[in-house]
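Residue-level listing of the chains:
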Amino acid sequence: MSDASLQSPSAAPARKGSLHRQDERTRKRNAAEARFRGYGIAAIAVGVFFLVVLAFSIIRSGVPAFTHTVLDVEITLTQQQFDEAEAQLFKTKAYAGYFNATLTAELERRGISVPFDEAAIERLAGKVGGTLREFYRANPDQLGQPVTFELPASSRVDGYFNGRVSRDTLQESRFLMLADLDLVDALSEAGIIHGTFNWNFITGADSGVDNPGGAGIGASVVGSFFMMLVVLFLSLPIGVAASIYLEEFAPQNRFTDLIEVNISNLAAVPSIVFGILGLAVFIQFAHLPQSAPLVGGLVLTLMTLPTIIISTRASLKAVPPSIRDAALGVGASKMQAVFHHVLPLAMPGILTGTIIGLAQALGETAPLLLIGMVGFVARGYPDGFIAGFTEPNSAMPAQIYTWAARADASFYDKAWGGIIILLIFLLTMNIIAIILRRRFERRW
Amino acid sequence: MSYVKLTTSALAIAALSATAAAARDNVQVAGSSTVLPYASIVAEAFGENTDFPTPVVESGGSSAGLKRFCEGVGENTIDIANASRQIREKEIKACAENGVTDIVEVRIGYDGIVFASQQTGPAFNAFVPADIFNAIGAQVLVDGAIVENPHQTWADFNGDLPAVELAMFSPGTKHGTREVFEDKVLLEGCEATGAMEAMMASGMSEDDAEDASLDVRQDGKSVDIDGDYTETLARIDANPNGIGVFGLAFYENNQDKLKVATMSGIAPSTETIATGEYPVSRPLFFYVKKAHIGVIPGLKEFAMFFVSDELAGPTGPLANYGLVSDPELDQVQAIVANEKTLGEGM
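Residues numbered from 1 in each chain as written. Chains lettered and ligands numbered in written order. Predicted model: local features only at pLDDT ≥ 70, side-chain atom pairs only at ≥ 80, totals over all residues.

Asker: Report on the overall build of chain A, specifying residues and quantitative values.
Answerer: Scanning chain A from terminus to terminus reveals 19 helices and 4 strands. Overall size of chain A, expressed as C-alpha extent along the three principal axes, is 105 × 70 × 35 Å. Every one of the 444 residues in chain A was classed for burial, and the buried ones make up 40%. Long-range pairs, those at least 24 residues apart, make up 77% of the contacts in chain A with a sequence separation of at least 6. (Helix = DSSP H or I, 4+ residues; strand = E, 2+ residues; numbered from the N terminus. Buried ≥ 20, exposed ≤ 12 C-beta atoms within 10 Å, placed from the backbone. Contact = placed C-beta atoms within 7 Å.)

Asker: Tell me what's going on with the overall build of chain B, and back it up with residues and numbers.
Answerer: A count of helices and strands for chain B gives 15 helices and 12 strands. C-alpha atoms of chain B, sized along the principal axes, occupy 75 × 60 × 45 Å. With 346 residues in all, chain B has 49% of them scored as buried.

Asker: Can you break down helix 3 (residues 62–69) of chain B residue by residue, with the values?
Answerer: Residue and element names in this part refer to chain B. Counting buried residues along helix 3, 6 of its 8 residues qualify, which places the element largely inside the surrounding structure. Those residues of helix 3 not exposed but buried are S62, S63, G65, L66, R68 and F69. Residues of helix 3 that are buried make contact with strand 1 (28–31), strand 3 (80–83), helix 4 (89–97), helix 6 (176–193) and strand 11 (281–289).

Asker: Requested: an account of the interface of chain B and chain A, with residues and values cited.
Answerer: Contacts between chain B and chain A engage 44 residues on the former and 45 residues on the latter. Of all the elements in the fold, those that place two or more residues in the side of chain B that touches chain A are helix 1 (2–21), helix 2 (36–49), strand 2 (56–58), helix 9 (229–238), helix 10 (248–253), helix 13 (309–312) and helix 14 (317–321) of chain B. Of all the elements, helix 2 of chain B adds the most residues to the side of chain B that touches chain A, at 10 residues.

Asker: Account for the environment of V209 of chain A, with residues named and values stated.
Answerer: Tracing the sequence through the fold places V209 of chain A in the loop between helix 9 (199–203) and helix 10 (218–249). Judged by local crowding, V209 of chain A falls into the buried class, with 25 C-beta atoms found within 10 Å. Linking V209 of chain A and F225 of chain A, residues 16 residues apart in sequence, is a C-alpha distance of 25 Å. V209 of chain A has contacts with R406, A407 and D408 of chain A together with P37, S40, I41 and Y321 of chain B, leaving out every residue within four places of it along the chain.

Asker: An account of the nonpolar core is requested, with residue identities and associated values reported.
Answerer: Formed by 167 residues in total, the largest nonpolar core has its most connected members in V42, V106, F286 and Y287 of chain B. In terms of residue count, the dominant contributor to this core is helix 10 of chain A (12 residues). Not counting chain neighbours up to four residues away, the residues in contact with V42 of chain B comprise F305, F306 and L311 of chain B. Counting residues in hydrophobic clusters, the runner-up holds 28 residues, among them A94, F99, A125 and I193 of chain A. (Core = buried A, V, L, I, M, F, W, Y, C linked by C-beta atoms within 7 Å.)

Asker: An account of the domain arrangement of chain A is requested, with residue identities and associated values reported.
Answerer: Annotation of chain A at the domain level lists domain 1 (66–197) and domain 2 (218–440). On a C-alpha basis, the centroid separation for the pair domain 1 of chain A and domain 2 of chain A is 45 Å. (Domains from an automatic or database assignment.)

Asker: I'd like a rundown of the domain arrangement of chain B, residues and numbers included.
Answerer: Residues and elements named next belong to chain B. Looking at the assigned domains, one finds that chain B contains domain 1 (24–110 + 283–337) and domain 2 (112–281). The interface of domain 1 with domain 2 comprises 17 residues on the first partner and 15 residues on the second. At the level of secondary structure, the elements contributing two or more residues to the side of domain 1 that touches domain 2 comprise helix 3 and helix 14. For the side of domain 1 that touches domain 2, the element with the highest residue contribution is helix 3, accounting for 3 residues. Partitioned by chemical class, the residues of the side of domain 1 that touches domain 2 number 8 nonpolar, 8 polar and 1 charged. (Nonpolar A, V, L, I, M, F, W, Y, C, P; charged D, E, K, R; others polar.)

Asker: Please set out the environment of E74 of chain A residue by residue, giving values where relevant.
Answerer: Its place among the elements puts E74 of chain A in strand 1 (residues 67–76). With near-sequence residues (within four places) excluded, E74 of chain A lies in contact with P146 and T148 of chain A.

Asker: With reference to specific residues and values, describe helix 5 (residues 129–136) of chain B.
Answerer: All names here are of chain B. Of all 8 residues in helix 5, 8 are buried, a share of seventy percent or more. Within the span of helix 5, buried status applies to P129, A130, D131, I132, F133, N134, A135 and I136. On its buried side, helix 5 packs onto strand 5 (139–142), strand 7 (168–171), helix 6 and strand 8 (222–225).

Structure, rendered in structure tokens:
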């Protein structure tokens, strides 16, 4: 609209020219609007750009974690060899020795043209002893029979296959010599060594720093799952009860004001503070076990509670007073009005808030630092449901943090792979929250 | 609201009964981030080779680990503290106050401290401890007088070094590595440059002069890193002239990114450190709470396994990862076997 009419509504002077031709001020205002739209689009473009760069770099760095290089070897282990290995202190090293001997013999039989020695084989193979020992202890009937194993190659060979290690930049060391790469190429041609999908990364537990091939995120996913169970079953009832009371029943006085202010404050407290609190209260005072998902869950519950209370109160407030009035008007008690009418209508908002609170807790590392969940925690899967809460375990973000700090560059890939898995979980939770909101939300 | 109450109380009861039933069955370790890799290798092998559960090994630094170690005796305290330096008198006292009186000290081997720069950056091949002191000391000797450190490039005080801007990334005070860095590099450098003598000549007591020699300049040329070596690596990656302080094992695992500097003409390696030729090395330790032996299943077995010839010996996985194995390993094994505590003639 032109602003000429606003300026002088009564005595409109004769307009020079057409309404369709803009005067100076209108052009200025339109230009300002166009500029503002430009800024907005630029802001979104910058945001999208960073998102794309981030997603691209995460995927590019993380994908190598999902594949690994394996050696296919047929091994025949005799009862005598098994007994000899079991009699030693460092049993897995004996098993690794059998593997190296078998592979050496196999290469000699095939007449591989590249010169090699047993030390080179040792450099190529990853840590295989543990897998072999576990298999033969579980299947003693397989002793004396030929069994084909798919065993991990060393992290350097793995890096050669996915491009992290190249011939040009390789510094010869006791971990890998330049000549070893010729052997790898020859083995690759013979079909003994090849890349494959790394199931162990998704299902396995953490491994020692000299064994990146054995590292997996599965056990810490389970740890995170048990923590989230604790968070869900403690913070949802407590948070909802607290907010229903504060919103519907509590009198408005200084005391409830104080509580309200403090809940908002609590939401802004840095998460490391909850970690210190958890260490002091749950471990040192209450003597709960260290490194256990139970304690992690309790600490994260404290952190999630304010988020849930705030979102629950917001969605209770959003229910129009007419619903309450109608319920009270037909003779319902206050509690009946809340539980039969208000709460069901507020439920989608409460669930959304809870899921977002859980997603936040799932990605939290800082509070876990102090209660012993960050470090080398390689217990594998818990023995049962109760043990899942009390046995030492790690959590996904803690596991990623631990991997990122390790010397072997192969663990860096694993950290990125872990981030992909963590993001998949977070995205899934957020999508569930959005679906719930879309499906059940009522608008007035 | 009754169902809410019911679920909460049921959960609380379940949680309490679960914890009451679960006595700790795993060894709990915390401490030095330098010892952590070795401890995690042993912990994994221990879980694979015995019927005991895999121990939990946490990081956090030598001082933090020993502090937790000294918190008391009982299942909710750690059993073993890893340290990249020896336990201090003060810490032994703090331990004793909390009832931790019998401590078994176990030396697992030696670690070299190496100075390394970016693989593609300028080479640093003529280092002596005096150069490091000249580079980062707060007060240095220039033309016979003690002055605030004026040096801007390495060539300012040693013509054999490249004329690039000083940028030193050294371990922060919570690292055990810091102590060795101070003792073997800064203090010796201070003495070698003659700054120590000049300080004492200017009226300082010997102790004050020693303290002054450990002060580093605060103008951004020297940066303390409190995080892990990966953080130092990231800083070096971003700065072609930067020199970082690493453990030997970390450097060996990242040879494609790092170029090592020689110290007094000797390149660091397990051999030169074992013979003592390379000057900057330090012993690594772990401390076992004797009161927990026999209470926490697998504790003594874990300690014995750690120092066994198969693991900590010169051909074991720890040496392969970069630990310089202890030439007197048999004595260490005897200490663990007999549970000989500190003060019983160690």
